[in-house]
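Chain residues, written in single-letter form:
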Amino acid sequence: YYNWTPKAAVDDLMGHLKNIADSFKGKDALVTIAMDGENAWEYYSNDGHDFLNAFYQRLSEADFVKTVTVKEYLESHKPEHKIKHLAAGSWIYGEFSKWINNPLKNKAWEYLAIARKELEDNLKALPQEKKDLIWKQMYICEGSDWFWWYGDGQQDFDALFRMHLSNFYSLLDKPVPDYLKRPLSA
């Protein structure tokens with residue numbers, strides 16, 4: 001859609017959603033639209049803001065669409081079948097080696113898993129405002145770009161990742177682990 005006007009792109013996408021809704025004749029159907037968080041938007045006019053604003057506006061006005069997360073949908077629509085095979089879905093190589101199977105990437109994942117466990121262990125005791133801030137910091141740490149770049153000589157990403165994980169511990173009022181005070185490659 002990046003070559004289209006935002007209105008034409010949104011009209012087309014909403015048309016596809018309407019066709020799906022019509023084909024299900026009033027039955028519920030989950031349509032998942034997964035949009036890249038960064039790479040595509042630089043090709044859109046105004047970095048995609050015009051398209052996204054128009055799309056979200058039209059979604060909110062449509063009487064044949066209800067926006068939900070996959071989790072919300074599954075809470076009210078229990079699965080009837082198990083998926084026997086699920087493809088990786090990665091656009092690069094069709095697998096996940098860009099994010100795993102490198103000693104530095106794996107170490108970063110380990111540090112993130114420790115932090116996530118720390119969050120789960122301490123979350124209940126926190127006031128909601130602090131929870132929101134800590135979750136926001138955790139989501140920053142869970143961004144896929146950290147793991148994309150590990151092992152490719154990107155020291156700046158290592159320093160930023162460790163800084164964000166350190167910020168997470170500070171927000172949680174926990175001491176920053178010593179291993180976050182030195183590069184992962186050390």
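Residues numbered from 1 in each chain as written. Predicted model: local features only at pLDDT ≥ 70, side-chain atom pairs only at ≥ 80, totals over all residues. Heavy atoms only, no water.

## A look at the packing of aromatic side chains
Under the definition given, this model contains 21 aromatic pairs. Between Trp41 and Phe51 the ring centres are 6.1 Å apart and the planes differ by 25°, which places this aromatic pair in the stacked class. Of this pair, Trp41 sits in the loop between α1 (6-23) and α2 (49-61) while Phe51 is found in helix α2, placing the two residues 10 residues apart along the sequence. Taken individually, Trp41 and Phe51 each receive the classification buried, so the pair is uniform in this respect. Where Phe168 meets Tyr169, the ring centres are 5.2 Å apart and the plane angle is 75°; that geometry is what we call edge-to-face. (Phe/Tyr/Trp six-rings, centres within 6.5 Å; stacked < 30°, edge-to-face > 60°. Helix = DSSP H or I, 4+ residues; strand = E, 2+ residues; numbered from the N terminus. Buried < 20%, exposed > 50% of the residue type's maximum accessible area, 1.4 Å probe, protein only.)

## Quick word on the confidence of the model for the chain
When pLDDT is averaged along the chain, the result is 90; 98% of the residues meet or exceed 70. Confidence scores differ between elements of the chain, with helix α6 (residues 144-149) showing the lowest mean pLDDT of 84 and α1 the highest of 97. (pLDDT = per-residue confidence, 0-100.)

## Overview of the nonpolar core
The tendency in soluble globular proteins is for nonpolar side chains to be buried side by side. With 24 residues, the main nonpolar core has Phe147, Phe161, Leu165 and Phe168 as its most contacted residues. Among the secondary structure elements, those contributing two or more residues to this core are α4 (103-122), α5 (128-141), α6 and α7 (155-171). In terms of residue count, the dominant contributor to this core is α4 (five residues). Dropping the residues within four chain positions of it, Phe161 is found in contact with Ala108, Cys141, Trp146, Phe147 and Tyr150. Membership of the second largest hydrophobic core comes to 12 residues, among which are Met14, Leu17, Trp41 and Leu59. (Core = buried A, V, L, I, M, F, W, Y, C linked by side-chain atoms within 4.5 Å. Contact = heavy atoms within 4.5 Å.)

## Considering α7
Between its first and last C-alpha atoms α7 spans 24 Å; for 17 residues at 1.5 Å apiece the expected length is 24 Å, and the two agree. Residues of α7 that are buried include every one of Asp158, Phe161, Arg162, His164, Leu165, Ser166, Phe168 and Tyr169, and no others. Each element contacted by the buried residues of α7 is listed here: α4, α5 and α6. Residue Asp173 follows α7 closely and has a positive phi angle near 60°. (Expected span 1.5 Å × (residues − 1).)

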